[in-house]
Amino acid sequence: MHDDRTLVESRLKRVLDERIRPAVYPESVPLEVGIWTAPGEPVPVAEGLAAPRTPIAVGDAWGAPWGTSWITVTGTVPQAWAGRTVEALIDLGFDANMPGFQCEGLVYRPDGTPVKGLNPQNQWVRIAAPAAGGEQVLLHVEAASNPVILDYHPFLPTELGDKDTAGDQPQYKLTGMDLAVFDETVWQLVIDLEVLGELMAELPVDGARRWDVLRAVERALDAIDLQDVNGTAAAARSELAGVLAAPAVPSAHRISAIGHAHIDSAWLWPLRETVRKVARTTANMTALLEDEPDFLYTMSQAQQFAWIKEHRPEVYARVQKAVAQGRFVPAGGMWVESDTNMPSSEAMARQFVHGKRFFLDEFGVENHEAWLPDTFGFTGGLPQIIRNAGSKWLLTQKISWSQINKFPHHTFLWEGIDGTRIFTHFPPVDTYNCSMKGSEIAHAARNFKDKGVARHSLAPTGWGDGGGGTTREMVAKAGRMKDLEGSATVRWEKPAEFFTKAEAEYPNPPVWVGELYLELHRATLTSQAKTKQGNRRSENLLREAELWCATASLRTGAAYPYEQLDRIWKTVLLHQFHDILPGSSIAWVHREAEATYAALAAELDSLIDGAQQALAGDTAGGRELVFNSAPHPRSAVPAGGAAPAVFGAGACEVVERPEGGFLLRNGLLDVVVDADGLVASVVEVASGRESVAPGTRANLLQLHPDFPNMWDAWDVDQFYRNTVTDLTAVDALTALSAPDQATVRVARSFGSSTVVQTLTLRAGEQRLDIDTEVDWHETEKFLKAAFPLDVHTERYAAETQFGHLYRPTHTNTSWDAAKFEACNHRFVHLDEPGWGVALVTASTYGHDVTRAVRDTDGGTTTTVRFSLLRAPRFPDPKTDQGLHRFRHALVPGAAIGDAVREGYRIGLPERRVTGSAEQVAPLVQLDNDALVVSAVKLADDRSGDLIVRVYEAGGGRARGLLTTSYPLAGAVPCDLLERPWDGTRGEVAVEDGAVRLALRPFELVTLRLSAAG
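Our subject in this report is the structure included herewith. What you are looking at is a predicted structure, and each value in this text was computed from that prediction instead of being measured. (Residues numbered from 1 in each chain as written. Predicted model: local features only at pLDDT ≥ 70, side-chain atom pairs only at ≥ 80, totals over all residues. Heavy atoms only, no water.)

1. Remarks on the overall build of the protein chain
The criterion, for reference: The way it works is that DSSP assigns letters per residue, a run of H or I at least four long becomes a helix, a run of E at least two long becomes a strand, and they are numbered from the N terminus. The size measure is the radius of gyration over C-alpha atoms, and the globule rule it meets is 2.2 Å times the number of residues to the 0.38 power. Only protein chains enter the accessibility calculation, which uses a 1.4 Å probe; a residue is then buried when its area is under 20% of its type maximum, exposed when over 50%, and partly exposed in between. For this analysis, residues touch if any pair of their heavy atoms sits within 4.5 Å. To measure how exposed things are, a 1.4 Å probe is used in the Shrake-Rupley method; for residues, cover is taken only from the protein chains shown. Two residue types count as positive, namely Lys and Arg, and two as negative, namely Asp and Glu; His and chain ends fall outside the count. By convention, the point assigned to a charge is CZ for Arg, NZ for Lys, CD for Glu and CG for Asp.
Secondary structure assignment for the protein chain yields 18 helices and 53 strands. Relative to a compact globule of 1013 residues, whose C-alpha radius of gyration would be 31 Å, the protein chain shows 31 Å and is just as compact. For the protein chain, the C-alpha atoms occupy an extent of roughly 100 × 70 × 60 Å along the three principal directions. Sorting the 1013 residues of the protein chain into buried and exposed places 62% on the buried side. Of the contacts formed within the protein chain by residues at least 6 apart in sequence, a portion of 74% connects residues at least 24 apart. Of the roughly 35,500 Å² of accessible surface on the protein chain, a fraction of 51% belongs to carbon and sulfur atoms. Across the protein chain, the centroid of the 97 positively charged side chains sits 2 Å from that of the 131 negatively charged ones.

Shown next, in the form of structure tokens:
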């Protein structure tokens, strides 16, 4: 037989496009349309329904950027359509290729009841099935004219990302407003042909199945009368029944499909628009669940459920009903799908606390999976947090985006820094927006790396990013692939059902140890510095507020602000979403974030001030107490307590050098700042050890061009290093000496920007503090601060949640080389046997570490560079323009414990309060600095118990005694949700009114302490 595949396949495409698909709606009549545009932000539904309408016609422009228009459609079902299915087709001006990224609508009945959402892949509204004829149609559409930010030519700078700069030009034209007859037989034929055509393209040419399908398709096309598609569609379908009924082979890959709409809680739209996106999508999905008995849908992010509950209670009632039926599945157990690189230890824990508690309180659902399909890499501290939250599985998709190395597994055990292992799955379909195309299903089966020992994978199915969800077409296609020869089998299954099956079939999966580093989107550790600083400051203030409010409550009987802290935590957690904290959202989002963080800071400062004053007592004739919220003593003030400060001994001096610059001394360090204002030498006096590598200078600001190939706010490509400008020109260099500190001030200018740095040695501190103020007005540039150190090491430590992880300083492998920009929390630490250096930071996350061997003496220079600022132009064309302040410190002679201590101190400054009290004893104390308290708070159940979270911070085993300043009745190990838990691997025992702890490396334990009496 001649090979006529191309002929038949081309025929199929044209007939589908030009004859069969148009016949799905064989008859239509236009609807009458009226519009009212809200003058500002979205209005309540009742106001939108009642507002007067003006006529508008198909083809007319509507919708200024970020506007809301209320569109009303009216009409009458023709009598001739009696007995047939009738739908309204509402096309607001959609581009079918951009679901979630443009205009959208939510349809209401006249009484304000939500019906369903409208988007480019979902434009229909069922009117009657069957129609009686003569029905009056009246629907209202709350239409959002969200501008297209990520267009066909992506990453072009645009002012559309903020309503203040977007202008008022209409963005869309009404394309279609019709009542139409829906021919389900033709629609089913379309699905048949799409499934078989897509399957056929994936089958081997030399296999019989491909030719069986080809001939069946050809017979079906022959059976269609192109002038009477509707009358011949049933005959065409009968020609396909045989090949659609052929069952899958027993060895077929098995796909668990779950309805999904990954809705970014903010990204190319503001938070307020996400509220509406969630309402539109969930309205659609609850309607689809009613129509499709086999379909299941999942949604993560407790915040999004809370939004519907608050803003669209009618939709939430439908969600509650579907959840109770087991059809609408809350997933993930987190407040939002957060970034996991940058949130602090406590913040990452609270993502699970607030997320899981919401699902438990609202639905009685306990989640066992973490659901993070789109997060930009995963830190090594996360497995322990997941386990301590009572969960045991993780799903993500994003690692498939890595640029350089292909991850070797799809199902595996992920081992964190403490040894906790989590069963993890990366869907081999390589998308969290699966649309049930044959190419996607075939790719999942071919791509699955664990063939031979496992055969299950998961496919999150539905339009996402901006929402939309699963369509009836996807459900219909999945139904045909439930058991279809040549295809993987597809079943709608809950995430927990998938994980249970996958775990059972794969009892000994491979193990991946350490972080899951995404080889992409590395610049998200630096973009939008003020958002990142707001996050870090909020985390620190929440630590302080909980500590001092709990202390004041137990000491003075002051009311503990449960509701206020709960609300603030949820706001901070929301802003850790993986496009807000990473700095990859539009200008509107980050402008609002900056204002939100400022308001939270004021509120938290007020709580802290009130609690500390209550503890300090009457201010009249009092003394100054220093409150220390850090987990280590300082200035003779105990950790978590208050006392008069005893400052470091020793005098500080500044000596002007004949060759220019200054020598700073405090008896512990000798620091040379040369004539260029750079740090030429830092000598630890006790050992005589030099920190700065020979022939180099530290605290060197370096400027790079920064124009990645794509994803401007997200990416920094390795070629940025090819060109660098060292900022050595000095505008002014001055020094100031005082008994307790020695300071040098350096002013520079470059391009359109200026920078002022203050370098300070303080009495009794073996640390050089560096405060940097940058008035930044560069474009597409990357600013780094370099510290070349005289340290020979093949690895360095970077702090992460509840510990630290090690990364190589070399580039032996492609995996090592790919980590050319990485994340730290408060410190980076380098050492060689007997001596080390820590660099600590108050608010920056991105850094790089490189090594070189010197020609002069053969020694090794290891250079740490903190990433300060970027200036991408997409999606915010004015990213980071303006004034910024950073704080860093260099700590010579530091062991890892010193790095931990100084890292906490730099972000938790002492607070001074005048009062009558002589001191404030800490509620709890530990006698081993390797054991660090990360949180002290009252229990969320309002029992009055004290919650104390402790972790081992040095990476070794540690024993310690936790004592309380009040009579202790008992201590119970808990999970993160403060429930009794037997998952602690170390020892916890109450002895003589104290708690004896023995923790393994990086182990985390949460204790519930109850008071005696």
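Following the structure, the description resumes.
2. A few points about the packing of helix α1 (residues 5-20) against helix α3 (residues 184-202)
Describing two packed helices takes the angle between their axes plus the distance from one axis to the other. Cut-off, in case you're wondering: Axis definition: a line fitted to C-alpha atoms, limited for helices to the stretch in contact. Angles are taken between N-to-C directions and run from 0 to 180 degrees. In what follows, roughly perpendicular refers to angles from 65 to 115 degrees, roughly parallel to angles under 35, roughly antiparallel to angles over 145, and oblique to any angle outside these ranges. Crossing handedness follows the turn of the near helix against the far one: under a right angle anticlockwise gives a left-handed crossing, and clockwise gives a right-handed one. Any residue that is not Ala, Val, Leu, Ile, Met, Phe, Trp, Tyr, Cys, Pro, Asp, Glu, Lys or Arg is counted as polar, Gly included; the first ten are nonpolar and the last four charged.
At a minimum axis distance of 11 Å, the contact between α1 and α3 shows a crossing angle of 155°. As judged from the angle between their axes, α1 and α3 are roughly antiparallel. Once α1 is placed against α3, the crossing between them reads as left-handed. Along the contact surface, α1 presents Glu 9, Leu 12, Leu 16 and Ile 20, while α3 presents Val 186, Leu 189, Val 190, Leu 193, Glu 194, Gly 197 and Met 200. For the contact of α1 with α3, a count of residues per class yields eight nonpolar, one polar and two charged.

3. Points about the sheet that holds strand β3 (residues 54-55)
For clarity, the threshold we go by: What makes two strands pair is DSSP finding at least two bridges between them.
What the six strands build is an open sheet, ordered β3-β2-β5-β10-β7-β8; its pairing is antiparallel. The sheet terminates laterally at β3 and β8 (114-118), the two strands that pair on one side only. Taken together, the six bridges between strand β2 (residues 32-37) and strand β5 (residues 67-76) define a ladder with antiparallel strand orientation. Paired with Ile 35 across the two strands is Ile 71, which belongs to β5.

4. Quick word on the nonpolar core
Cut-off, in case you're wondering: Here, nonpolar core refers to any group of buried Ala, Val, Leu, Ile, Met, Phe, Trp, Tyr and Cys residues whose side-chain atoms link them within 4.5 Å.
Membership of the largest hydrophobic core comes to 247 residues, with the highest contact counts inside it found for Ile 20, Ile 71, Leu 92, Leu 946 and Leu 1009. Discounting chain neighbours no more than four positions away, the residues touching Leu 1009 are Val 924, Asp 945, Leu 946, Val 948, Leu 962, Thr 964, Tyr 966, Leu 968, Gly 970, Ala 971 and Val 995. Grouped together as the second largest cluster of nonpolar side chains are 48 residues, Ala 742, Val 744, Val 837 and Phe 866 included.

5. Topic: the packing of helix α9 (residues 345-363) against helix α15 (residues 562-574)
Contact geometry for α9 and α15: axes closest at 10 Å, N-to-C directions at 110°. The angle between α9 and α15 falls in the class roughly perpendicular. Of α15, the residues touching α9 (which contributes Glu 346, Ala 347, Arg 350, Gln 351 and His 354) are Asp 566, Trp 569, Lys 570 and Leu 573. When the residues that make up the contact of α9 with α15 are grouped by side-chain class, the tally is three nonpolar, two polar and four charged.

6. Regarding unusual backbone geometry
Look at the link from Ala 129 to Pro 130: it is a cis peptide, with omega at 0°. Among the secondary structure elements, Pro 130 is positioned in the loop between β9 (124-128) and β10 (136-145). Of note, the bond from Phe 874 into Pro 875 is cis; its omega dihedral lies within 30 degrees of zero at 5°. With respect to the helices and strands, Pro 875 occurs in the loop between β43 (860-870) and β44 (882-892). The backbone phi angle of Gln 528 is positive, close to 60°, even though this residue is not glycine. On the secondary structure map, Gln 528 appears in the loop between β22 (511-513) and α14 (529-556).

7. Points about the sheet that holds strand β6 (residues 85-91)
Spatially, the four strands line up as an open sheet ordered β1-β12-β6-β9, and their pairing is antiparallel. A strand with exactly one partner marks an edge of an open sheet, and here the two such strands are β1 (28-30) and β9. Strand-to-strand twist across the sheet, computed as the mean angle between neighbouring axes with direction ignored, equals 25°.

8. Looking at the pattern of salt bridges
What counts, and what does not: Salt bridge, as used here: a side-chain nitrogen of Lys or Arg that lies within 4 Å of a carboxyl oxygen of Asp or Glu.
In this structure the tally under the stated criterion is 84 salt bridges. Here Lys 163 makes a salt bridge to Glu 41, at a shortest N to O gap of 3.4 Å. One end of the pair, Lys 163, is in the loop between β10 and β11 (172-173); the other, Glu 41, is in the loop between β2 and α2 (45-50), with 122 residues separating them in the sequence. Taking relative accessible area as the criterion, Lys 163 reaches 37% and is therefore assigned partly exposed. Judged by relative accessible area, Glu 41 falls into the partly exposed class, the value being 32%. The partner of Asp 566 in a salt bridge is Lys 570, and the shortest N-O contact between them spans 3.0 Å. Of this pair, Asp 566 and Lys 570 are both found in helix α15, four residues apart, which corresponds to roughly one turn of the helix. By relative accessible area, which is 28% here, Asp 566 ends up partly exposed. A residue is classified by how much of its surface remains accessible, and Lys 570, at 23% relative accessible area, is partly exposed. Several salt bridges share partner residues, and in doing so they unite Glu 41, Glu 104, Glu 142, Lys 163, Arg 272, Glu 273, Arg 276, Lys 277, Arg 280 and Arg 312 into one network.

9. Digging into α14
Working note: α-helix, 3.6 residues per turn, so residues spaced by three or four point in the same direction. To keep things clear, this is the line we draw: An expected span of 1.5 Å times one less than the residue number is assigned to each helix.
Compared with the 40 Å implied by 1.5 Å per residue over 28 residues, the 39 Å span of α14 between its first and last C-alpha is a close match. Immediately downstream of α14, the backbone of Gly 557 shows phi near 80°, a positive value.

10. Observations concerning helix α8 (residues 313-324)
So the rule is basically this: This arc is built from the directions going out from the helix axis to the C-beta atoms.
In this model, α8 (12 residues) spans 16 Å end to end at C-alpha, consistent with the 16 Å of a helix rising 1.5 Å per residue. Inspection of α8 places Val 315, Tyr 316, Arg 318, Val 319, Ala 322 and Val 323 among the buried residues, and these make up the whole buried set. Buried positions in α8, seen along its axis, are confined to an arc of 155° and lie on one side of it. What points out from α8, more than 90 degrees from its buried face, is the exposed set Lys 321 and Ala 324. Looking at the buried side of α8, the elements it contacts are β8, α6 (271-291), α7 (302-311), β15 (328-330) and α9.

11. A closer look at the pairing of strand β33 (residues 741-750)
Most of β33 sits inside the fold, with seven of its 10 residues counted as buried. Sheet topology places strand β32 (residues 732-738) next to β33; seven bridges connect them, and they run antiparallel. Looking at the pairing, Ala 735 lines up with Val 744 of β33. Hairpin connection between β32 and β33: a loop of two residues separates the two successive antiparallel strands. Where β33 lies against strand β34 (residues 753-762), 10 bridges are found, and the strand directions are antiparallel. Each bridged residue has a counterpart across the sheet, and for Val 746 the counterpart in β34 is Gln 757.

12. A short note on the pairing of β34
Counting buried residues along β34, seven of its 10 residues qualify, which places the element largely inside the surrounding structure. From the end of β33 to the start of β34, which pair antiparallel, there are two residues, and Gly 751 there has a positive phi angle of about 50°. Bridging between β34 and strand β35 (residues 768-776) involves eight bridges; their strand directions are antiparallel. Bridged to Leu 761 within β35 is Leu 768.

13. Digging into the packing of aromatic side chains
Where two aromatic rings form a pair, the distance of their centres and the angle of their planes describe that pair. The condition is simple: Each aromatic pair joins two rings of Phe, Tyr and Trp (for Trp, the six-membered one) with centres within 6.5 Å, and gets the label stacked for planes under 30 degrees apart, edge-to-face for over 60, and tilted for any other angle. In this analysis the charged atom, NZ for Lys or CZ for Arg, is taken to sit over a ring once it is within 6 Å of the ring centre and within 35 degrees of the ring normal.
Within the structure shown, the criterion is met by 40 aromatic pairs. A ring pair is formed by Tyr 25 and Phe 182, whose centres lie 5.7 Å apart and whose planes are at 50°; its orientation type is tilted. With a gap of 157 residues between them, Tyr 25 in the loop between α1 and β1 and Phe 182 in strand β12 (residues 176-182) connect regions that are remote in the sequence. Judged by centre distance (6.2 Å) and plane angle (65°), the rings of Phe 101 and Trp 269 are edge-to-face. Placement of Phe 101 in the loop between β6 and β7 (104-108) and of Trp 269 in the loop between β13 (254-259) and α6 is noted, with a sequence separation of 168 residues between them. Of the residues examined, Phe 101 reaches a relative accessible area of 17% and is grouped as buried. Given the relative accessible area of 2%, Trp 269 is considered buried. An aromatic cluster is built from Phe 295, Tyr 297, Phe 305, Tyr 316, Phe 328, Trp 335, Phe 358, Phe 359, Phe 363 and Trp 492, whose rings are joined through pairwise contacts. Taking the ring centre of Tyr 806 as reference, the NZ or CZ of Arg 795 above it sits at 3.6 Å.

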